[in-house]
Amino acid sequence: MGKRYLSVCASVFLLSTSLIADEKVNLDTIEVSSSSIGYNNVDAYKISTRNAEMARDILRDIPGVYIGGTNSFNQKIYMRGVNDRGLNITIDGARQRGNVFHHGADLVLDTDLLKKIDVSTGVNSVVANSGALGGSVAFKTVDASDLLEDGQVFGGKVKTGFNSNDDRISSSLALYGKISDTLELLGYVKYSDYNYGEDGHGNDIAGKGHDVSYLFKAGYSFGDSHKITLSTEHNEYKGLYPFRPEFGGTAFVDTGKIKAGERNQALLPQKMQRDTHRLNYTYNPNEFVDLDLNLYYTDHSIVRSKLPSLEMAKKAGKASLMDGGVKTYGSTLINTTKLDQGDLKHTLRYGLEVYKSISYLDSSVGLSVKGDKIVQKPNKTVGDDKATSYSVFLEDSMKIGALTMTPGVRFDYYKLDTMGEWPNRASYDFSEVSPAFALDYQFQNGIGLFGSYSKVFRGPDPIESIRLSENTAKTYKKSDALKPETGDAYEVGARYSTEFGAGHTLNFLAKYFYTDYDNLINEYASPSGVGGTTRVNAGSAKVDGVELAARGQFGNLGLGASYTHSKTKYEQTATPAQAGQAIYGGILGYSDSGDKYTFNADYYIDAADVLIGYNMIFFNSKTDKKSGYKKPAYAVHDVYATWMPSGSLKGLELNAGVYNIFDKAYYSHSQRSFGATSANDWEPGRSIRASISYKF
């Protein structure tokens, strides 16, 4: 067999294909890239063969990105000091905006469906990027055309996988084909069943239950340049999960109230799901018209309709039942025009975006324990919270020789209809002009320099779904002077790229970033209800840091390393109106993480058709200045292997790995931290993951 070189982004995910090789061979891969200046194909070694089950398995190795969370209800993405509520997260262009419950996340995702993830650390573009304060993540699902081999009109893939840590067994089936030269179809379904996992102490973590997902897509091409794609996607996590997902761990030591190894809160029967329906139209007849129209509807919800056990209810505090979520209707229209004026070449991107996010609560029931009985108290729900956003934007990438200049501007109009002084409602209107400018110069010796500035803007989210009850509404305090969150984001950096010999490449990247945020919005609540619930502008923040990355391919050997440092200085200018109130929502991370280091090495063995690899992620310890608590340092080591035979066994794929080899007990620095005497959300201990798939 001819010599092959696996790309640095080679992965074992079910539904996508890519390979760098001397002869054409298909390998199921996922491409992880970044649209931020200076990055193309972000270091994704560990992503390659993780047998990923959750978002943390995909993203946490990327410089500038932090993600943790033991259970599926708590996959929060942090980027440059900002949490997922300050990022622009989309799935096939559908915005994932709003929040159901502040103690959990809102990302519902089947990693096996992904063909590409565009990660932008920082905000460097005005195009369809309204509301992004720290960056953006765009997940893209697979199409039938991505899976079909040359000349193939029908195909399929079956896959099953196993994870020893939580006894997870997952199975999936994908069928895809071309009905004619113009019509292609894709159908996919997956089911996973799992138990509680274990941390490095041997204690239970996360939840137990099952996940179900499906995707149906139809693509119709007509004329020379038209294509319409229709899709419907459903993902759900269902089972026994912690009431407050970010407090998902068990106690490490006896606290007097909680014994070591016990849960510190209720495990409730819950279901979190996302349904997304999408229509996409593209038209590309020439260099002047490259039109992309995306229409979507997405509904993300949490349903808690069954009572916990009495034992768990006693630990629950103020647990509740609910049926609520966030619906978003949206559309994006973007056109790309390329103009060639001799030495000066323009690439213009312009268009508009409209979306409406609606936070709703269909039912709410408070729970308490009296003696040996769980008492239910229904809460009357109130009207929906609604946010509407309109944006128009224009960006021109002008290239002359080795210099590229990219000016851009976006105008946003944002309206929020929300709870006000009971029984009235409040309405806010905001508008903002957000300019951006970037420079990039590429020297002939492989060195490149770049820098950028952008104005960022974000209107306040609809209030989280769980608070849309009459009890909360009666204590809600309107803030007449509420302003949108804005900021100035700067970034400078350098890169170096070179090729030498046969199949040898080296790439280096260094960035420094600085963002100055104004009018940050905090959401306050009083447990006793005395102080009420309110949203106020509570101060400003300055976030700065560095991101370094290096990649090298030396024949069949791939090496990669990265370093990330980020520091947040928050200046609070507003305090709760009443003693006892606490912040429950905002866009900043809970606190800074320690410096992050990653390293990966992989080697492809030609004679055996096998890729073997090693990955390490390390965090320095970090002391939280506010609480004085020191987040401990930790290192996690993984090894993995992929076998893709040729010849008569072509289509077969085996993946296996041992993750957290040394069974390290640790928790992610990006998660809320309480110290070793309380119940942190401890990450999984050692796990053996394996999968087998066959493509026909």
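In what follows, the structure referred to is the one given above.
A brief structural summary. (Residues numbered from 1 in each chain as written. Predicted model: local features only at pLDDT ≥ 70, side-chain atom pairs only at ≥ 80, totals over all residues. Heavy atoms only, no water.)

Digging into the overall build of the protein chain
Phase 1: In terms of regular secondary structure, the protein chain is built from 5 helices and 38 strands.
Phase 2: With 696 residues in all, the protein chain has 57% of them scored as buried.
Phase 3: Pairs at least 24 residues apart make up 69% of the contacts formed inside the protein chain by residues separated by at least 6 positions.
Phase 4: Within the structure as shown, the protein chain displays about 27100 Å² of accessible surface, and the carbon and sulfur contribution to it stands at 56%. (Helix = DSSP H or I, 4+ residues; strand = E, 2+ residues; numbered from the N terminus. Buried < 20%, exposed > 50% of the residue type's maximum accessible area, 1.4 Å probe, protein only. Contact = heavy atoms within 4.5 Å. Areas by Shrake-Rupley, 256 points an atom, 1.4 Å probe, with all protein chains shown as cover.)

Considering the side chain of Asn615
Phase 1: Residue position: Asn615 is located in strand β33 (residues 610-619).
Phase 2: There is a polar contact of 3.0 Å between the side chain of Asn615 and the side chain of Asn600. (Polar contact = N/O pair within 3.5 Å; in protein donor to acceptor, adjacent residues only side chain to side chain.)

Side note on a positive patch on the surface
Phase 1: A cluster of basic side chains, namely Lys542, Lys567, Lys569 and Lys625, defines a positive patch on the protein surface.
Phase 2: Looking at the element boundaries, Lys542 is found in strand β29 (residues 533-554).
Phase 3: Overall, Lys542 belongs to the partly exposed group, its relative accessible area being 30%. (Patch = residues over 30% accessible without salt bridge, like charges linked within 9 Å, V, L, I, M, F, W, Y side chains within 5 Å. Salt bridge = Lys/Arg side-chain N within 4 Å of Asp/Glu carboxyl O. Lys, Arg positive; Asp, Glu negative; His and termini not counted. Charge placed at Lys NZ, Arg CZ, Asp CG, Glu CD.)

Let's talk about the nonpolar core
Phase 1: By size, the foremost hydrophobic cluster in this structure holds 32 residues, and its most contacted members are Leu59, Ile77 and Phe139.
Phase 2: Within the residue set of this core, elements represented by two or more residues are α2 (55-59), β4 (65-68), β5 (76-79), β6 (87-91), β8 (114-121), β9 (135-141), β28 (504-525) and β29.
Phase 3: When near neighbours in sequence (up to four residues on either side) are disregarded, Leu59 contacts Val65, Ile67, Ile77, Ile117, Val119, Val137 and Phe139. (Core = buried A, V, L, I, M, F, W, Y, C linked by side-chain atoms within 4.5 Å.)

Let's talk about the pattern of salt bridges
Phase 1: Inspection of every chain in the model, using the stated rule, returns 37 salt bridges.
Phase 2: With a shortest N-O distance of 3.7 Å, Lys157 and Glu653 are connected by a salt bridge. Pair noted here: Lys157 is in strand β10 (residues 154-163) and Glu653 is in strand β37 (residues 652-659), with a separation of 496 residues, a long-range link. Of the two residues examined, Lys157 and Glu653, each falls in the buried class.
Phase 3: The shortest N-O distance in the salt bridge between Asp166 and Arg168 comes to 3.4 Å.
Phase 4: Overall, Asp166 belongs to the buried group, its relative accessible area being 9%.
Phase 5: A single network of salt bridges, built from pairs that share partners, joins Arg85, Arg97, Arg458, Asp461 and Glu523.

A few points about the pairing of β8
Phase 1: Counted residue by residue, β8 has 6 buried out of 8 residues, so it is predominantly covered.
Phase 2: Pairing of β8 with β9, which is carried by 7 bridges, proceeds in the antiparallel orientation. For Val119, the partnering residue across the bridge sits in β9 and is Val137. (Pairing = 2+ DSSP bridges.)

A look at the packing of aromatic side chains
Phase 1: Inspection of the entire model under this criterion finds 19 aromatic pairs.
Phase 2: An aromatic cluster of at least three residues, connected via ring pairs, comprises Tyr66, Phe619, Tyr634 and Tyr666.
Phase 3: When the ring centre of Phe513 is taken as origin, the NZ or CZ atom of Arg80, which lies over that ring, is 4.1 Å away.
Phase 4: The ring centre of Tyr196 lies 5.2 Å from the NZ or CZ of Arg263, which sits over that ring. (Phe/Tyr/Trp six-rings, centres within 6.5 Å; stacked < 30°, edge-to-face > 60°. Lys NZ or Arg CZ within 6 Å of the ring centre and 35° of its normal.)

So, unusual backbone geometry
Phase 1: Here the bond from Trp422 into Pro423 is cis, since omega is 0°, no more than 30 degrees from zero.
Phase 2: Of note, Pro423 is situated in the loop between β23 (403-419) and β24 (425-442).
Phase 3: Even without being glycine, Ala128 reaches a positive phi, approximately 50°.
Phase 4: You can call Ala128 buried: its relative accessible area is 18%.
Phase 5: Of note in this structure, Asp609 is not a glycine but carries a positive phi near 55°.
Phase 6: Note on placement: Asp609 falls in the loop between β32 (596-605) and β33.

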